[in-house]
Amino acid sequence: MPVHPDAQFISWFRSVAPYFHAFRGKTFVLAFGGEIFAEGRFVDLAHDINLLHSAGIRLVLVHGSRPQVEAQLKQRKARSRYAKGLRITDPVALECVKEAVGLLRVEIDALLSLGLPNSPMAGAAINTVSGNFITAQPIGVVDGIDFQYTGSVRKVDSQAISGCLDAGNIAIVSPVGYSPTGEVFNLAIEDTAVATATALRAEKLVFFSDAPVEDNKGELLPELTAQEAVDLLAQGSRLTADTSLYLAHAVEAVRGRVQRAHLISRKLKGALLIELFTHAGSGTMITADKVVKLRPAVIDDVGGILKLIEPLEEDGTLVRRGRELLEREIARFAVIEHDGVIVGCAALYPFLTARAGELACLAVRPDHRDEGYGERLLKYVEVQARARKLRKLFVLTTRATHWFIERGFAEVSVAALPKQKKELYNYQRRSKTLVKRL
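Residues numbered from 1 in each chain as written. Predicted model: local features only at pLDDT ≥ 70, side-chain atom pairs only at ≥ 80, totals over all residues. Heavy atoms only, no water.

(A) Geometry of the packing of aromatic side chains. Taken as a whole and assessed by the stated rule, the structure comprises 15 aromatic pairs. Ring centres of Tyr-19 and Phe-23 lie 6.1 Å apart, and the angle between their planes is 45°; this geometry places the pair in the tilted category. With Tyr-19 and Phe-23 both in helix H2 (residues 17-23) and four residues apart, the pair spans about one turn of that helix. Judged by relative accessible area, which is 13%, Tyr-19 ranks as buried. Seen from their ring centres, Tyr-19 and Phe-277 are 6.3 Å apart, and the 85° between their planes marks the pair as edge-to-face. Linking Tyr-19 in helix H2 with Phe-277 in helix H11 (residues 271-277), this pair joins segments that are 258 residues apart in sequence. One exposure class covers both Tyr-19 and Phe-277, and it is buried. An aromatic cluster is present here, built from Tyr-19, Phe-20, Phe-23, Phe-28 and Phe-277 joined pairwise through their rings. (Phe/Tyr/Trp six-rings, centres within 6.5 Å; stacked < 30°, edge-to-face > 60°. Helix = DSSP H or I, 4+ residues; strand = E, 2+ residues; numbered from the N terminus. Buried < 20%, exposed > 50% of the residue type's maximum accessible area, 1.4 Å probe, protein only.)

See below:
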């Protein structure tokens, strides 16, 4: 059968389908500092934002403005003052904040309005909405330091933002807040992003940092639980100041109502798409608990299991199972899911008279096969078999004989199978029969 030159692209495109299904209709909050504009990187990000929007993802953009405010202050020959990592916003600095934020809003609107032919934005029809979504209050005087017009988030108008998203718009939240008395306050982007994502109960909060989250050996840490992130921060690791700040706020988000938080490098082109649509990702995902779960299958898992085993059925590794059969036998299955996507499955068919059980339909997605999921499923099935007082576990395989032998199975003849299974043995497949004593 001839192979098309773009076969690899087709394979990749099919592999992202589960992510599209999982993300459609979900709310993502993307938080990026003003550096992404100063470094000329927002055009590429706008292309990726367009793709996410076209996939039905509800997007909220929270932008910073520090470099732009610094530039405005420099033009006015005014001095920047910071304390405890926050700008002390005096009246001059506040005017600079207003001007910088206004200019950035216009730039975001302009770049998301691009529709040039033969570009990633061709045919895009993106409407953006911004407004007074944030009610703020002054930080006040802390340890004798008056932060003046620097504020903290008091309330997020989640209903207004949700209304914008419901209408198919992208919401833009700037790092300024307004008080009921009409005052304007300068806000920290990280606080604004966490408060917004929490109020919206967002599926994801993504921070764009200046560097990735790495361990002390310089290795990227692709996944962390909230507690692991806290421990990493306590170690005084090699994280940059920006990354440490965002990581601490990512922990705050997932311990609130946000499902997942991500830290990615703003300097890596396409980092957002790589992080969201590939297993390896480009940055670090922070979760409240472990993202990998091994559990009994339920009826809602049928579609995911079918998608997982279909390629193995096509190449003859597994015996074909139709949807109806799988639905009837779903109680025999266990699944491993990674961040809500089924990546592995196995089934146990007991033969009580023979005190034996068949391990069947053991499958793991190709991009997860070096992570020990097959062993975990095998051990789970063994535990279930022992609980049913079965004395041995057998498996029929055409491709994985050595894998099972390495895990305690021994090859036997077909005659060793339980009578009911022996009568159903398919001699055309010539499957190897292996048994393990429990």
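(B) Seen up close, the sheet that holds strand E14 (residues 223-225). With mixed pairing, the eight strands of this open sheet are ordered in space as E5-E10-E2-E1-E13-E15-E16-E14. Each edge of the open sheet is held by one strand with a lone partner, namely strand E5 (128-130) and E14. In this sheet, adjacent strand axes meet at a mean angle of 20° when their direction is disregarded. Of the pairings in the sheet, the one linking E14 to strand E16 (residues 284-287) comprises three bridges and is parallel in character. Paired with Leu-224 across the bridge in E16 is Ile-286. Contacting strand E1 (27-32), strand E2 (58-63), strand E10 (170-173) and strand E13 (204-209), helix H4 (residues 42-54) crosses the sheet at an angle of about 155° to E2. Seen against the sheet, helix H8 (residues 189-200) touches E1, E2, E10 and E13 and runs at an angle of roughly 180° to E1. (Pairing = 2+ DSSP bridges. Axes fitted to C-alpha atoms, helices over the stretch in contact; angles between N-to-C directions. Contact = heavy atoms within 4.5 Å.)

(C) Representation of the nonpolar core within the structure. Core analysis: the biggest nonpolar cluster contains 40 residues, and Val-60, Ile-161, Leu-205 and Phe-207 have the highest contact counts within it. Residue contributions to this core peak at six residues, all from helix H10 (residues 241-254). Core analysis: the second largest hydrophobic core is formed by 30 residues, Ile-36, Leu-52, Leu-112 and Ile-264 among them. (Core = buried A, V, L, I, M, F, W, Y, C linked by side-chain atoms within 4.5 Å.)

(D) Quick peek at the sheet that holds strand E19 (residues 341-351). One open sheet accounts for seven strands, arranged E17-E18-E19-E20-E21-E23-E22; its pairing is mixed. At either end of the open sheet lies a strand with only one pairing partner, and these are strand E17 (292-296) and strand E22 (410-412). Neighbouring strand axes in the sheet, compared pairwise and without regard to direction, differ in orientation by 30° on average. Taken together, the three bridges between E22 and strand E23 (residues 432-437) define a ladder with antiparallel strand orientation. The residue of E23 that forms the bridge with Ala-410 is Val-435. Packing against the sheet, helix H12 (residues 302-314) makes contact with strand E18 (333-338), E19 and strand E20 (356-364), and its axis sits at approximately 85° to E19.

(E) A look at unusual backbone geometry. Unusually for a residue other than glycine, Cys-361 sits at a positive phi of about 55°. Counting through the fold element by element, Cys-361 comes out in strand E20. The exposure class assigned to Cys-361 is buried, which follows from its relative accessible area of 6%. Residue Lys-389 is not a glycine yet carries a positive backbone phi of 65°. For Lys-389, a relative accessible area of 60% corresponds to the exposed category.

(F) Structural detail: the pattern of salt bridges. This structure, assessed with the given rule, holds 20 salt bridges. Residue Arg-58 is joined to Asp-166 by a salt bridge in which the shortest nitrogen-to-oxygen separation is 2.7 Å. Of this pair, Arg-58 sits in strand E2 while Asp-166 sits in helix H7 (residues 158-166), and the two are 108 residues apart along the sequence. Glu-358 is paired through a salt bridge with Lys-421; the nearest N and O atoms lie 3.2 Å apart. Of this pair, Glu-358 sits in strand E20 while Lys-421 sits in helix H16 (residues 419-424), and the two are 63 residues apart along the sequence. For the pair Glu-358 and Lys-421, a shared accessibility class is recorded, and that class is buried. (Salt bridge = Lys/Arg side-chain N within 4 Å of Asp/Glu carboxyl O.)

(G) The state of the cysteines, seen in detail. Enumeration according to the criterion identifies zero disulfides in this entry. Cys-361 takes part in no disulfide bond, and the closest cysteine sulfur, belonging to Cys-345, lies 4.2 Å away. (Disulfide = S-S within 2.5 Å.)

(H) Broad picture of the packing of H8 against H10. Orientation of H8 relative to H10, taken along the N-to-C sense of each, is 20°, at an axis distance of 10 Å. Our classification of the angle between H8 and H10 gives roughly parallel. Between H8 and H10 lies a crossing whose hand is right-handed. Contacts between H8 and H10 pair Ile-189, Glu-190, Asp-191 and Val-194 from the former with Leu-245, Tyr-246, His-249, Glu-252 and Ala-253 from the latter. Of the residues belonging to the contact of H8 with H10, the class tally is five nonpolar, one polar and three charged. (Parallel < 35°, antiparallel > 145°, perpendicular 65-115°, else oblique. Left-handed = near helix turned anticlockwise from the far one by under 90°. Nonpolar A, V, L, I, M, F, W, Y, C, P; charged D, E, K, R; others polar.)

(I) Focus on a nonpolar patch on the surface. Side chains of Phe-9, Ile-10, Trp-12 and Phe-13 sit close together on the surface and give an oily, nonpolar patch of about 420 Å² of accessible area. Tracing the backbone shows Ile-10 in helix H1 (residues 7-15). Overall, Ile-10 belongs to the partly exposed group, its relative accessible area being 35%. (Patch = residues over 30% accessible without salt bridge, like charges linked within 9 Å, V, L, I, M, F, W, Y side chains within 5 Å. Areas by Shrake-Rupley, 256 points an atom, 1.4 Å probe, with all protein chains shown as cover.)

(J) Just the environment of Pro-175, in detail. Relative to the helices and strands, Pro-175 is located in the loop between E10 and strand E11 (176-178). Counting along the chain gives 12 residues from Pro-175 to Leu-187, while the straight-line C-alpha distance between them is 4.9 Å. Contact partners of Pro-175, with chain neighbours within four places excluded, come to His-63, Gly-64, Ser-65, Val-101, Phe-185, Asn-186, Leu-187 and Thr-192.

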